[in-house]
Amino acid sequence: MMANEFPQTLTIAGTDSGGGAGIMADLKTMQACQVFGAAVVVAVTAQNTLGVQDFMALPQKLIDEQFASLAADLKIRACKTGMLADAAHVHGVVENLKKYDFGLLTVDPVMIAKGGAALLADDAVTTVRDELVPLADVLTPNLPEAERLTGLTITDNRGMEAAAMALQDLGAKNVVIKGGHEATPDQASDFVLLVDGRSFWLSAARMDTVRTHGTGDTLSSCITAALAKGEDFETAIRIAKDFVTAAIANPIAVGNGHGPLNHWAYNQGGAE
Ligand SMILES: Nc1ncnc2c1ncn2[C@@H]1O[C@H](COP(=O)(O)OP(=O)(O)OP(=O)(O)O)[C@@H](O)[C@H]1O
Ligand SMILES: Cc1ncc(CO)c(N)n1
């Protein structure tokens, strides 16, 4: 029998019927990064580039069974979480992550979709902070998520650095604060604080585009894929920034709203 050694990754998140975010963006990214992608569906959304029309979280028993199926067969080297819907589902996912070994964990603490729809119940933020964040090998909040998790108000670069330190104090090992929502006109700058205390900024030219649906999902999935291939944390995060920058810079014409990214661009040499 062939060894079960091909790099395998897992996304634990919600689906996006529109194909641009959530599990769909995760699997497309993993495919492009040449790792095998598996998925535990926590919630199903009715969604397109215009917004989220509806969603429903699956019964916990069915989620538990998906985890058990994977644990019984696949050899997952790295996994990520995305949309987890509410406190009970966050808790259920945490229980499964403690029960099984799915390798290095990247937590994308998804709260609100680009169009404004809540993908995580308000009262679940404390469950994410207290139960999930301490398990994170890499935590990738955007600015509003970092503010909600820390209680800090972030108005400048110093604020992002302080939030990253506060998130490490909550138990996350490596922290990437995404500056996509920052009101700087020319740069999209993310702050990275590594587990060994080193830190650096990752900057790319800010592109004037509405085609940014699924940027966060793509970044965290690319980190997950690189970790599964054995890259160290710093390298994985740097690759992911380049991947997402290329994916934004080479748009594809899909939908009429916040369009999806181009998950082929990085491999086609499309830097900027
Ligand atoms: N207009 C842009 N031009 C260049 N880079 C961008 C742009 N918008 C976001 N980014 C980059 O994309 C990555 C994701 O950041 P962002 O803050 O948009 O995540 P997010 O809010 O979690 O995304 P989403 O909720 O759509 O998945 C970061 O590296 C960020 O700097
Ligand atoms: C299912 C899902 N997960 C995450 C996001 C955030 O990009 C979204 N819009 N939809």
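What counts and what doesn't
- Residues numbered from 1 in each chain as written.
- Chains lettered and ligands numbered in written order.
- Predicted model: local features only at pLDDT ≥ 70, side-chain atom pairs only at ≥ 80, totals over all residues.
- Heavy atoms only, no water.
- Helix = DSSP H or I, 4+ residues; strand = E, 2+ residues; numbered from the N terminus.
- Buried < 20%, exposed > 50% of the residue type's maximum accessible area, 1.4 Å probe, protein only.
- Contact = heavy atoms within 4.5 Å.
- Areas by Shrake-Rupley, 256 points an atom, 1.4 Å probe, with all protein chains shown as cover.
- Lys, Arg positive; Asp, Glu negative; His and termini not counted.
- Charge placed at Lys NZ, Arg CZ, Asp CG, Glu CD.
- Near = heavy atom within 4 Å.
- Polar contact = N/O pair within 3.5 Å; in protein donor to acceptor, adjacent residues only side chain to side chain.
- Phe/Tyr/Trp six-rings, centres within 6.5 Å; stacked < 30°, edge-to-face > 60°.
- Pairing = 2+ DSSP bridges.
- Axes fitted to C-alpha atoms, helices over the stretch in contact; angles between N-to-C directions.
- Parallel < 35°, antiparallel > 145°, perpendicular 65-115°, else oblique.
- Left-handed = near helix turned anticlockwise from the far one by under 90°.
- Nonpolar A, V, L, I, M, F, W, Y, C, P; charged D, E, K, R; others polar.
- 1 Å grid on protein atoms, 1.4 Å probe; cavity = no way out; pocket = protein on both sides within 12 Å on 5 of 7 lines; lining within 4 Å.
- Points joined across faces, edges and corners; volume = space filled by probe spheres on them.

Notes on the overall build of the protein chain
- Secondary structure summary: the protein chain contains 8 helices and 9 strands in total.
- If one aligns the C-alpha atoms of the protein chain with their principal axes, the spans along those axes are about 50 × 40 × 40 Å.
- With 272 residues in all, the protein chain has 52% of them scored as buried.
- When contacts within the protein chain are restricted to residue pairs at least 6 apart in sequence, those whose partners lie at least 24 apart make up 68%.
- For the protein chain, the exposed surface amounts to about 11900 Å²; the carbon and sulfur share of it is 54%.
- Looking at the protein chain, you have 19 positive and 32 negative side-chain charges, and the mean spots of the two groups are 3 Å apart.

So, the site of ligand 2
- Around ligand 2, the structure places G14, T15, A21, G22, T45, Q47, M83, V110, A113, L119, H213 and D217.
- One of the side-chain nitrogen or oxygen atoms of Q47 is found 2.8 Å away from a nitrogen atom of ligand 2.
- At 2.9 Å from an oxygen atom of ligand 2 is found a side-chain nitrogen or oxygen belonging to D217.
- Starting from 290 Å² of accessible surface for ligand 2 in isolation, the protein chains cover 93%.

A closer look at the packing of aromatic side chains
- For the structure on display, the rule yields 4 aromatic pairs.
- A ring pair is formed by F191 and W201, whose centres lie 5.1 Å apart and whose planes are at 50°; its orientation type is tilted. With F191 in strand β8 (residues 187-193) and W201 in strand β9 (residues 199-205), the pair connects residues that are 10 residues apart, well separated along the chain.
- Using a relative accessible area of 5% as the deciding quantity, one classes F191 as buried.
- Aromatic pair F243 and Y266: ring centres 5.3 Å apart, planes at 40°, arrangement tilted. In this pair, F243 sits in helix α8 (residues 233-249) while Y266 sits in the segment after α8, placing the two residues 23 residues apart along the sequence.
- A relative accessible area of 1% places F243 in the buried class.
- Put simply, the rings of F67, Y100 and F102 touch in pairs and so form one group of aromatic residues.

Comments concerning the sheet that holds strand β6 (residues 138-139)
- Strands sit in the order β3-β2-β1-β4-β5-β6-β7-β8-β9 across an open sheet of 9 strands; the sheet is mixed. Here the strands that pair on one side only, and so sit at the sheet edges, are β3 (51-57) and β9.
- Bridging between β8 and β9 involves 7 bridges; their strand directions are antiparallel. Pairing of F191 across the sheet is with W201, part of β9.

Considerations on the packing of helix α1 (residues 22-32) against helix α7 (residues 215-228)
- Put simply, α1 and α7 touch, their axes get as near as 8 Å, and they point 40° apart. For the element pair α1 / α7, the angle class is oblique. Helix-helix and strand crossings are classified by hand; for α1 and α7 the assignment is right-handed. Only D217, T218, S221 and C222 of α7 make contact with α1, whose side of the interface consists of G22, A25, D26, T29 and M30.
- Partitioned by chemical class, the residues of the contact of α1 with α7 number 3 nonpolar, 4 polar and 2 charged.

Looking at the side chain of K241
- Structurally, the position occupied by K241 is in helix α8.
- Of the residues examined, K241 reaches a relative accessible area of 7% and is grouped as buried.
- Each residue touching K241, except ones within four places of it in the same chain, is listed here: A188, D190, L202, S203, A204 and L219.

With respect to the side chain of T224
- With respect to the helices and strands, the residue T224 is situated in helix α7.
- Exposure remark for T224: the relative accessible area of 0% places this residue in the buried category.
- The contacts of T224, once residues within four sequence positions are left out, are T9, A78, C79, K80 and T106.

Side note on empty space enclosed by the protein
- Within the structure shown, the criterion is met by 2 cavities of 30 Å³ or more.
- Reported here for the largest cavity is a volume of approximately 80 Å³.
- Considering the residues around the largest cavity, the lining is formed by 13 residues, among which G51, A113, K114, G115 and H213 are closest to the centre.
- Of all elements in the fold, only β2 (36-48) and β3 reach the threshold of two or more residues within the lining of the largest cavity.
- Taken together, the residues of the lining of the largest cavity sort by class into 4 nonpolar, 8 polar and 1 charged.
- Space inside the second largest cavity adds up to approximately 50 Å³.
- Contributing to the lining of the second largest cavity are T81, G82, L84, V107, D108, P109, V110, L120, V128 and L132.

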